[in-house]
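Each chain, letter by letter, is given below.
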Amino acid sequence: MKKAIYPGSFDPVTFGHLDIIRRAAESFDELTVSVLNNVNKRALFTVDERVAMLKEATKDIPNIKVESFCGLLIDYAKEKDIHTVIRGLRAITDFEYELQNAQTNRMLSKGELDTMFLATSLEYAYLSSSSVKEIASFGGDISPCVPTFVAEAIYAKYKGESL
Ligand code: PNS
């Protein structure tokens, strides 16, 4: 079985992430989308909320699993017997960080964990979770960036409502 993992913060999931997820799911038998539980990074959504949003947004794709992980990606991937990481590249500015991560994971795993990059579709090249949050925090329109239920959840967070 050809398996891959798409790790990320997904705070929250955007149409850019969903573009990568759909396309990667076509090339693998099983794609695990996994939310990093990073205690050092302040997030708008809890890990459970992010996992729930990803599950809802990908519920029509049969070969997707959504989980969370903490610690090193190589340890988590080894536990699941996964040898391929998927990451999206939006622009040249992503490249340096992604290349470093990919090479670090390859070194740490002694060649067991490799990374495959998908070029983000042009219509989502500008998109990031951070910019979506910033636009929403000022009441801007984020409907072109995220599914409707995610947009509602973001606005609710900024209004201080519980989800
Ligand atoms: O969506 P993000 O924040 O760009 O995702 C970054 C992520 C989760 C892929 C990366 O930070 C990661 O894999 N963190 C886990 C810790 C780890 O394994 N670090 C070593 C590789 S540099």
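Reading guide: rules and limits
- What you see as residue numbers is a count from 1 along each chain, following the sequence as written.
- Totals for whole chains, interfaces and linings use every residue, but because this is a predicted model, local features are given only for residues with pLDDT of at least 70 and side-chain atom pairs only at 80 or more, for both listing and counting.
- Only hydrogens and water are set aside when side-chain values are computed; all heavy atoms of the structure are taken into account.
- For Phe, Tyr and Trp, rings pair up if their centres lie within 6.5 Å, where Trp contributes its six-membered ring, and each pair is then called stacked (planes under 30 degrees apart), edge-to-face (over 60) or tilted (otherwise).
- Buried, partly exposed and exposed residues are distinguished by accessible area as a fraction of the type maximum, computed with a 1.4 Å probe on protein chains only: under 20%, between the cut-offs, and over 50%, respectively.
- For a lysine, the NZ atom is tested; for an arginine, the CZ atom; a charge sits over a ring if that atom is within 6 Å of the ring centre and within 35 degrees of the ring normal.
- In this description a helix means any DSSP run of H or I spanning at least four residues, a strand means any run of E spanning at least two, and both kinds are numbered starting from the N terminus.
- Between Lys or Arg on one side and Asp or Glu on the other, a salt bridge is scored when a side-chain nitrogen of the former is within 4 Å of a carboxyl oxygen of the latter.
- If a single non-hydrogen atom of a residue is within 4 Å of a molecule or strand, that residue counts as near it.
- Under the rule applied, a polar contact is a pair of N or O atoms within 3.5 Å (in protein, one hydrogen donor and one hydrogen acceptor; residues adjacent in sequence only if both atoms are side-chain atoms).
- With residues, only the protein chains shown are counted as cover, and all accessible areas are computed by Shrake-Rupley using a 1.4 Å probe.
- Only Asp, Glu, Lys and Arg are considered charged in this grouping, and only Ala, Val, Leu, Ile, Met, Phe, Trp, Tyr, Cys and Pro are considered nonpolar; every other residue, Gly among them, is considered polar.

Colleague: Any chance you could explain the packing of aromatic side chains here in plain terms?
Modeller: The relation between two aromatic rings is expressed through the spacing of the ring centres and the mutual angle of the planes. Going through the model one piece at a time under the given rule, you end up with three aromatic pairs. When the centroid spacing of 5.2 Å and the interplanar angle of 85 degrees are considered together, the rings of Y6 and F10 count as edge-to-face. According to the relative accessible area criterion, F10 is buried, its value standing at 2%. Here F69 and Y76 contribute two aromatic rings whose centre-to-centre distance is 4.9 Å and whose plane-to-plane angle is 15 degrees, an arrangement assigned as stacked. Here the two residues F69 and Y76 agree in accessibility, since each one is buried. Across from the ring centre of F28, 5.6 Å away, lies the NZ or CZ of K2, which sits over that ring.

Colleague: Help me understand unusual backbone geometry in this model?
Modeller: The general pattern is negative phi for most residues beyond glycine and trans for most peptide bonds. For the bond running from D11 to P12, omega is 0 degrees, close enough to zero to count as cis. Turning to its location among the elements, P12 is positioned in the loop between strand 1 (3–8) and helix 1 (15–27). Of note in this structure, D81 is not a glycine but carries a positive phi near 55 degrees. Considering the arrangement of structural elements, one finds D81 in the loop between helix 3 (73–79) and strand 4 (84–89). Unusually for a residue other than glycine, K110 sits at a positive phi of about 55 degrees.

Colleague: Just checking my understanding: could you explain the pattern of salt bridges for this structure?
Modeller: Two side chains carrying opposite charge are able to pair once their charged atoms lie near each other. Counting across every chain of the model gives 11 salt bridges. The salt bridge partner of E67 is K80, with a shortest N-O separation of 3.0 Å. You can see E67 sitting in strand 3 (residues 64–69) and its partner K80 sitting in the loop between helix 3 and strand 4, a full 13 residues away along the chain. Under the relative-accessibility criterion, E67 is labelled partly exposed at 22%. Residues joined by salt bridges that share partners form a network here, namely D11, R50 and K133.

Colleague: Help me understand the site of the ligand, please; the structure alone is not making it clear to me.
Modeller: Residues in close proximity to the ligand include P7, G8, S9, L36, K41, G71, L72, L73, R87, Y97, N101 and N105, which together make up its full environment. A distance of 3.4 Å separates an oxygen atom of the ligand from a polar atom in the side chain of K41. Across the complex, the protein chains shield 77% of the 550 Å² of accessible surface that the ligand would expose by itself. Broken down by secondary-structure element, the contributors of at least two residues to the shell around the ligand are strand 1 and helix 4 (92–108). Sort the elements by how many residues they give to the shell around the ligand and helix 4 lands first, with three residues. Broken down by class, the residue content of the shell around the ligand amounts to five nonpolar, five polar and two charged.

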